[in-house]
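Inside the fold
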Amino acid sequence: MAVRRAGLAVLALAAALGSAVPGTDGRAAEPGRAGTAGKPVLVIAHRGASGERPEHTLAAYERAIDQGADFIEPDLVATRDGVLVARHENEISGTTDVADRPEFADRRTTKRIDGAEVSGWFTEDFTLAELKTLRARERLPQLRPGNTAFDGQETVPTLDEVIALVRRKEAETGRRIGLYPETKHPGHFRALGLALEPRLVEALHAAGYRGRTAPVFIQSFEVGNLKELRGMTELPLVQLVAADGAPADLAAAGDGRTYADLLTETGLAEIARYADGIGAEKVLVIPRDAEARSLPATDLVRRAHAAGLAVHVWTLRSENYFLPAELRRGDRSDPRFPALKGDAGAEAAAFAAAGVDGVFADFPADALAALRPAGK
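Note that the structure is predicted; figures quoted are calculated from it, not measured.

Structurally, Thr133 is set in the loop between helix 3 (128-131) and helix 4 (159-173). Of the residues examined, Thr133 reaches a relative accessible area of 35% and is grouped as partly exposed. Along the sequence, Thr133 and Arg101 sit 32 residues apart, while their C-alpha atoms lie 9.7 Å from each other. Apart from the residues within four sequence positions on either side, Thr133 is in contact with Arg101 and Phe104.

This is the structure:
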């Protein structure tokens, strides 16, 4: 019963978004590749168009929307006063100018996050008003030097601001734009009395996102909070899985299951009881050999689909540094080679051919160009 519910919900959501999915020029374009049941492969803007603007900024999200992305992805953490904001991590020294702010020098500390010692500045130690005085900056300046031109221009956005942007762009474009929020370190925030789940559900429901076919996926690397969310909302949920390691909440509870265990037939059946899909690290679908060359696709997509689960893969990035060896382009002796763009379109097409239902992409325009070629 749970499997059927999950599968039908994902298909209905894909139909709602995919019946007239805009191409990069804003026109409805027939997809060149298709996932489950012939529906377009969803393009999810990973932290916005983070290959072209500093990640998790309103500028990055708007850029992705303008390029035609189906979903934008805000990773969510909490401030000291309980406001949800978009940052990839609660430690913010790599994505803001906090380390250059003498007034916050004494906030630097070391914490244990998901079993690892982390030093820096943390969102939960700042009020929203304090956080808003900081400015966003590029996280990967060596690979994306062009993005540094936008350093200092944007603040850390709240979830409410992201939703307002989506609503404004929907009114401008006349199309539905999906939200794909991730709860980051939910166990950590729960222990601080800043539980992410009720705040997220309240905000989404208040904004009108309700039911199985709302253009929303809520994702998490943890298991327990997704099960909790299942009791709070009918919005689609996605269990994130990595190639290595284990969910932090299971490890903290002494549960020995790893992500690999979650991807067995038994594990996938269990996921289908509380979630609608899996968000898989891309090497779980198309692995690589010791020379970083692509190997044949695994059977994960087939097995997940058999369990009634959609499969979205993370993360497609266009730079040589992230691509499989056979898709890297340019002069390897060029010191800029790691940052040069390779054949990202071929990688996107390979995942579509493997049957995935969605791809997370730092360069959504590149993924869209490969998956929805103009005129086809």
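For helix 12 (residues 344-353), the full list of buried residues reads Ala344, Glu347, Ala348, Ala349, Phe351 and Ala352. Lining the buried residues of helix 12 we find strand 12 (310-316), strand 13 (358-361) and helix 13 (364-371). Positioned one or two residues after helix 12, Gly355 has a phi angle of 95°, which is positive.

This paragraph deals with helix 6 (residues 196-206). Buried within helix 6 are the following residues: Leu196, Glu197, Leu200, Val201, Ala203, Leu204 and His205. The positive-phi residue at the C-terminal boundary of helix 6 is Gly208, with phi of around 95°.

This brings us to the confidence of the model for the protein. Of all residues in the protein, 89% have pLDDT values of 70 or greater, and the mean over the chain is 92. Confidence drops under pLDDT 50 across residues 1-6; counting only partners more than four residues distant or on other chains, this segment forms 17 contacts. Across residues 18-32 the pLDDT falls below 50, and counting only partners more than four positions away or on other chains, this stretch makes 28 contacts in the model.

Looking now at the pattern of salt bridges. All told, the structure shown has 37 salt bridges when counted by the stated rule. Across the pair Arg190 and Glu228 runs a salt bridge, and its minimum N-O distance is 3.3 Å. Of the two residues, Arg190 sits in helix 5 (residues 186-191) while Glu228 sits in helix 7 (residues 224-230), which places them 38 residues apart along the sequence. Arg190 gets classed as partly exposed once you look at its relative accessible area, which sits at 34%. Using a relative accessible area of 34% as the deciding quantity, one classes Glu228 as partly exposed.

Going from Trp314 to Thr315, the amide bond is cis rather than trans, its omega being -10°. Of note, Thr315 is situated in strand 12. One non-glycine residue with positive phi stands out, namely Arg47, at about 60°. Inspection of the secondary structure puts Arg47 in the loop between strand 1 (42-45) and helix 2 (58-67). Here Arg47 falls in the buried class, since its relative accessible area comes to 5%. We note that Asp114 has phi near 50°; this positive angle belongs to a residue other than glycine. Mapped onto the elements, Asp114 comes out in the loop between strand 5 (109-113) and strand 6 (116-120).

Cut-offs applied
- Residues numbered from 1 in each chain as written.
- Predicted model: local features only at pLDDT ≥ 70, side-chain atom pairs only at ≥ 80, totals over all residues.
- Heavy atoms only, no water.
- Helix = DSSP H or I, 4+ residues; strand = E, 2+ residues; numbered from the N terminus.
- Buried < 20%, exposed > 50% of the residue type's maximum accessible area, 1.4 Å probe, protein only.
- Contact = heavy atoms within 4.5 Å.
- pLDDT = per-residue confidence, 0-100.
- Salt bridge = Lys/Arg side-chain N within 4 Å of Asp/Glu carboxyl O.

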